[in-house]
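# A look at the structure
Here are the chains, one letter per residue:
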Amino acid sequence: MIAQVVTTLHLDTQTRAGGWRPATWVVPLFALSAIVLVPWIVFIVRSLPSTHATSHWDIAWAGFDVGLALLLLGVAVSAWRRSPWLEGVATAAAALLVVDAWFDILTSSTHLELGVAIGEAVLVELPLAVLCFLLARDAERVLRR
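Residues numbered from 1 in each chain as written. Predicted model: local features only at pLDDT ≥ 70, side-chain atom pairs only at ≥ 80, totals over all residues. Heavy atoms only, no water.

Another point: the overall build of the protein chain. The secondary structure content of the protein chain amounts to five helices and zero strands. Sequence-ordered secondary structure for the protein chain, helices as α and strands as β, is α-α-α-α-α. Across the 145 residues that make up the protein chain, the buried fraction comes to 15%. Put simply, of all contacts in the protein chain between residues at least 6 apart along the chain, 54% involve residues at least 24 apart. Taken as a whole, the protein chain presents about 11,500 Å² of accessible surface, with 71% of it coming from carbon and sulfur. (Helix = DSSP H or I, 4+ residues; strand = E, 2+ residues; numbered from the N terminus. Buried < 20%, exposed > 50% of the residue type's maximum accessible area, 1.4 Å probe, protein only. Contact = heavy atoms within 4.5 Å. Areas by Shrake-Rupley, 256 points an atom, 1.4 Å probe, with all protein chains shown as cover.)

Put into structure tokens, the structure is as follows:
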């Protein structure tokens, strides 16, 4: 049943002008999603506590880092193979690198942890994210031709 729903979605990949265009449902869906997120953000900022102890903290971070490592490997492989996947993989890797820097800094509990997190963000994560965004941009330009 799920396969039928997915296959019935039609992406209009060509307009009469000859350029790529997403299906008509894409813009309203994502715009509505962004709008709905605003009251949710206000709700969680007002209702969640500033601190929270949690189980499986180590597994959560390790899982995140496994995903990040796989994306970075995907960037390397798709760049090596000159694959059209490079644009998407590099963009996803850049996003996770920025998220990693953000959460490392915000979840630091000591001054030493904060210093290490800022150092990693400034020297490793954010420069690598910028490089990934540049790779994605260049891949998009090449694929456009």
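Remark: helix α3 (residues 57-80) packs on helix α4 (residues 86-106), axes separated minimally by 9 Å, with the N-to-C direction vectors making an angle of 150°. α3 and α4 meet at a crossing whose hand is left-handed. Facing α3, whose interface residues are Trp61, Phe64, Asp65, Gly67, Leu68, Leu71, Leu72, Gly74, Val75, Ser78 and Ala79, α4 presents Leu86, Val89, Ala90, Ala92, Ala93, Leu96, Leu97, Val99, Asp100, Phe103 and Asp104. Taken together, the residues that form the contact of α3 with α4 break down as 16 nonpolar, three polar and three charged. (Axes fitted to C-alpha atoms, helices over the stretch in contact; angles between N-to-C directions. Left-handed = near helix turned anticlockwise from the far one by under 90°. Nonpolar A, V, L, I, M, F, W, Y, C, P; charged D, E, K, R; others polar.)

Here we take up the environment of Phe133. In this fold, Phe133 is placed in helix α5 (residues 111-144). If sequence neighbours within four positions are ignored, Phe133 has contacts with Thr91, Ala94 and Ala95.

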